[in-house]
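What the coordinates show
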Amino acid sequence: MAGLKGLGYHVVALDCPDNESIQYGKEFGNRGQCNPTYFTVGNLVKYLCKLRDKGMSTEDIMENHVFLTAGACGPCRFGMYVTEYRKALRDAGFEGFRVMLFDANGGMKQATGRDVGLKMDRVFFVTLAKAIFAGDALNAIMYRIRPYEVVPGSTDEALGRCRETIMESLQKKTSILKALYRCRKILQGVEVDRTLVKPKVTIIGEFWAMTTEGEGNYRLQRFL
């Protein structure tokens, strides 16, 4: 989000889907879908309906908003998410709303309409890659440090400062490597005790089980 803001876009991250989201998903989505589909599709529909309820016209919503999400091919339902978004948006009164699909097979593709609404050039993709790699690096080191922290919560506090550092770098278009180096110094300040005995744990299966915030999920990562 910070990277896109640095490129001049107004970006909003949708809240974690909640129980209200699934109600929107069931109302406007196809029948017989799995819960993740209802939650994610319903979350977008809920957000747009809330904008409309606050007085924003459907025309303004369609003109000034696009939705960016990921997609993939294959028999998995994940490959059908864009179709589900389009169906639910149409039935909720937002037919033609621009849904941007980040497809591993075809790059960035738009599911509806021709006007992309985003300038997808080299700078765009490099910025996106920087954000993803930096985020992955922070998550990886977080899981290595948190189980051994001496002061409970110190890892999360340090990670919060690191995220602010990375976000500032992306927004101001400064060196992401220098930002990560500053994060290294911040993380080195977390006191750890490596003698603590901890089990080795891995998580497989549903991405939904890996969510750590909000309602309607298992907070499995933090629990483990």
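Everything discussed here concerns the structure shown above.
This section reports on the structure supplied with the text. Here the structure is a predicted model, which means the values were calculated and not measured.

1. So, the packing of aromatic side chains
Per the stated rule, a full pass over the model turns up two aromatic pairs. Note on F67 and Y85: the rings are 5.1 Å apart at their centroids and 55 degrees apart in plane angle, and the pair reads as tilted. Residue F67 is found in strand β1 (residues 67-71), and its partner Y85 is found in helix α5 (residues 81-91); the two are separated by 18 residues along the sequence. The exposure class of F67 is buried, given its relative accessible area of 12%. On the numbers, 5.5 Å between centres and 85 degrees between planes, the contact of F124 with F125 is edge-to-face.

2. Topic: the nonpolar core
One recurring pattern in soluble globular proteins: nonpolar side chains tend to sit buried together. In this structure, V45, L48, Y85, L89, F94 and F97 are the most contacted members of the largest nonpolar core, which totals 18 residues. Elements represented by at least two residues in this core include exactly α2 (19-28), α3 (35-53) and α5. Sorting elements by how many residues they give to this core places α3 first, with six residues. With near-sequence residues (within four places) excluded, L89 lies in contact with L44, V45, L48, F94, E95, F97 and V99. In terms of nonpolar packing, the next biggest core, distinct from the first, is built from 16 residues, A134, A179, C183 and L187 among them.

3. Notes on the packing of α3 against α5
At their nearest, the axes of α3 and α5 sit 10 Å apart, and the two run at 40 degrees to each other. Taken together, the axes of α3 and α5 lie oblique to each other. Read as a crossing pair, α3 and α5 show a hand that is right-handed. Contact with α3, carried on its side by P36, T37, T40, V41, L44, V45 and L48, involves Y81, E84, Y85, A88 and L89 of α5 and no other residues of that element.

4. Observations regarding unusual backbone geometry
In terms of backbone geometry, most residues other than glycine have negative phi values and most peptide bonds are trans. Despite not being glycine, K173 has its phi angle at roughly 60 degrees, a positive value. Locating K173 in the fold gives a position in the loop between α7 (154-172) and α8 (176-188). Residue K173 is classed as exposed on the basis of its relative accessible area of 58%.

About the criteria used
Residues numbered from 1 in each chain as written. Predicted model: local features only at pLDDT ≥ 70, side-chain atom pairs only at ≥ 80, totals over all residues. Heavy atoms only, no water. Phe/Tyr/Trp six-rings, centres within 6.5 Å; stacked < 30°, edge-to-face > 60°. Helix = DSSP H or I, 4+ residues; strand = E, 2+ residues; numbered from the N terminus. Buried < 20%, exposed > 50% of the residue type's maximum accessible area, 1.4 Å probe, protein only. Core = buried A, V, L, I, M, F, W, Y, C linked by side-chain atoms within 4.5 Å. Contact = heavy atoms within 4.5 Å. Axes fitted to C-alpha atoms, helices over the stretch in contact; angles between N-to-C directions. Parallel < 35°, antiparallel > 145°, perpendicular 65-115°, else oblique. Left-handed = near helix turned anticlockwise from the far one by under 90°.

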